[in-house]
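Observations on chain architecture
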Amino acid sequence: MTTTVLVVEDDPVIIDLLALTLEFEDWAVLRAVDAPTALALARQHRPDVVLSDVMMPGRSGIDLAADIVGDPDIAHIPIVLLSARALPAEVAEGLAAGAADYVTKPFDPDDLVERVRAVLDGPGRDGTRS
């Protein structure tokens, strides 16, 4: 069974880098450039994990995390937030919104893969949040 990752990023260069990094792991990648599109894709495709930028035009990645957690049909999908915003309070805000992990930019591709893999293998994969 192929792992599917929904990548949400408004910067075309970064979304390409993320997609290539994840595809190198033989993971299927869905792409969205904003939170509303990502929410629709999450509901339609039920990815194994969502990897989302925090700062995007309109609704943020934190808003997206809260939307996913608040939807009983997709609340089980783990979310990894990715952002240049790295202050402890900003990280805490992302985790409080429901993110399973928060990775800061710039990121090391190997570290990012390991963090996503840890979320995929971690608690809550049975359809419940820990």
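Provided above is the structure to which this section pertains.
Quick look at the structure, then. Remember, predicted model here, so these are calculated numbers, not experimental data.

Let's shift gears to the pattern of salt bridges. For the structure on display, the rule yields eleven salt bridges. R43 is the salt-bridge partner of D71, the closest N and O atoms lying 2.7 Å from each other. Here D71 is found in the loop between α3 (61–69) and β4 (79–83), whereas its partner R43 is found in helix α2 (residues 35–45), with 28 residues between them in sequence. Residue classification places D71 among the buried residues on the basis of a relative accessible area of 11%. Its relative accessible area of 41% is what places R43 among the partly exposed residues. A salt bridge links D111 to R115, with the shortest nitrogen-to-oxygen separation between them at 3.5 Å. Residue D111 and its partner R115 are both found in helix α5 (residues 109–121); the two are separated by four residues, about one turn of the helix.

A few words on the sheet that holds strand β3 (residues 49–53). Spatially, the five strands line up as an open sheet ordered β2-β1-β3-β4-β5, and their pairing is parallel. Strand pairing shows two members of the sheet lacking a second neighbour, β2 (28–32) and β5 (101–104), which therefore form its edges. Strand-to-strand twist across the sheet, computed as the mean angle between neighbouring axes with direction ignored, equals 20°. Across four bridges, the pairing between β4 and β5 is parallel. Bridge pairing in β5 places V80 opposite D101. In the packing of helix α1 (residues 12–23) onto the sheet, the strands contacted are β1 (4–8), β2, β3 and β4, and the crossing angle to β2 comes to about 165°.

Of all five residues in β3, five are buried; the element is thus mostly enclosed. Side chains V49, L51 and D53 project from β3 onto one buried face, and the interleaved V50 and S52 project onto a second face that is buried too. Of the pairings in the sheet, the one linking β1 to β3 comprises four bridges and is parallel in character. Across the sheet, residue L6 finds its bridge partner in β3, namely V50. Judged from the four bridges that link them, β3 and β4 form a sheet pairing that is parallel. Bridging across to β4, L51 finds its partner in V80. Handedness of the crossover is the feature at issue here: the chain leaves β3, passes through α3, returns alongside β4, and the resulting connection is right-handed.

Parameters and conventions
Residues numbered from 1 in each chain as written. Predicted model: local features only at pLDDT ≥ 70, side-chain atom pairs only at ≥ 80, totals over all residues. Heavy atoms only, no water. Salt bridge = Lys/Arg side-chain N within 4 Å of Asp/Glu carboxyl O. Helix = DSSP H or I, 4+ residues; strand = E, 2+ residues; numbered from the N terminus. Buried < 20%, exposed > 50% of the residue type's maximum accessible area, 1.4 Å probe, protein only. Pairing = 2+ DSSP bridges. Axes fitted to C-alpha atoms, helices over the stretch in contact; angles between N-to-C directions. Contact = heavy atoms within 4.5 Å. Right-handed = clockwise from strand over helix to strand, strands pointing away.

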